[in-house]
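Chain by chain, the residues:
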Amino acid sequence: MVTIKKILCAVDFSEYSPVVADYASTIAKTMGAEIICLYVAPSLDQYVGFHVPPSSIENFVGEIVTGADTTMEKFIEDNFKDETTKGKVLTGYAAEEILTFAKSAKVDMIVMGTHGRTGIDRILFGSVAEKIVKAAICPVLTIRPE
């Protein structure tokens, strides 16, 4: 029998994130699993070459992470009332950070949303969910917005 004891719930704090959290919560309750709720703040490293001092970029990223930590606390409070849930905020490229964290934390499942982009949006922005589904070493449940 498959055992799921640790679930990584990757969120972007969009309006669909509570739906993703609900799926993770339902699975966690059924399996007796803990949840790690993860948000990846965008890395601004690619802007260091512009005429903006690196210290300004570092300060800006620091403010984003601080704000994300606060948002994560509220998100967990609102969406994970009965479960054992920890929040984690990282910076970087979402797909890479989610995959690296999932491997290091030895999660049994990743639950995440997909924006369902098509056409030019998909070409320009790519699909974080697609990259994770292709490269993850554990099952991935993707939730498409309604």
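In the block above lies the structure referred to throughout.
What comes next is a walk through the structure.

### Side note on the nonpolar core
Here is a general trend for soluble globular proteins: nonpolar side chains tend to be buried in one another's company. Among the nonpolar cores identified, the biggest contains 23 residues, and Ile7, Cys9, Ile35, Cys37, Phe80 and Val111 are the most heavily contacted of them. Elements represented by at least two residues in this core include exactly β1 (6-11), α1 (17-31), β2 (34-42), α2 (54-79) and β4 (109-113). By residue number, the principal contributor to this core is α1, which donates five residues. Sequence-distant contacts of Ile35, that is, excluding residues within four places in its chain, are made with Ile7, Cys9, Ala24, Ser25, Ala28, Phe80, Glu83, Thr84, Thr85 and Lys86. In terms of nonpolar packing, the next biggest core, distinct from the first, is built from 18 residues, Val107, Ile110, Met112 and Cys138 among them.

### Thoughts on unusual backbone geometry
Located in the positive-phi region is Phe13, a residue other than glycine, with phi close to 65°. Turning to its location among the elements, Phe13 is positioned in the loop between β1 and α1.

Cut-off values and rules
Residues numbered from 1 in each chain as written. Predicted model: local features only at pLDDT ≥ 70, side-chain atom pairs only at ≥ 80, totals over all residues. Heavy atoms only, no water. Core = buried A, V, L, I, M, F, W, Y, C linked by side-chain atoms within 4.5 Å. Buried < 20%, exposed > 50% of the residue type's maximum accessible area, 1.4 Å probe, protein only. Helix = DSSP H or I, 4+ residues; strand = E, 2+ residues; numbered from the N terminus. Contact = heavy atoms within 4.5 Å.

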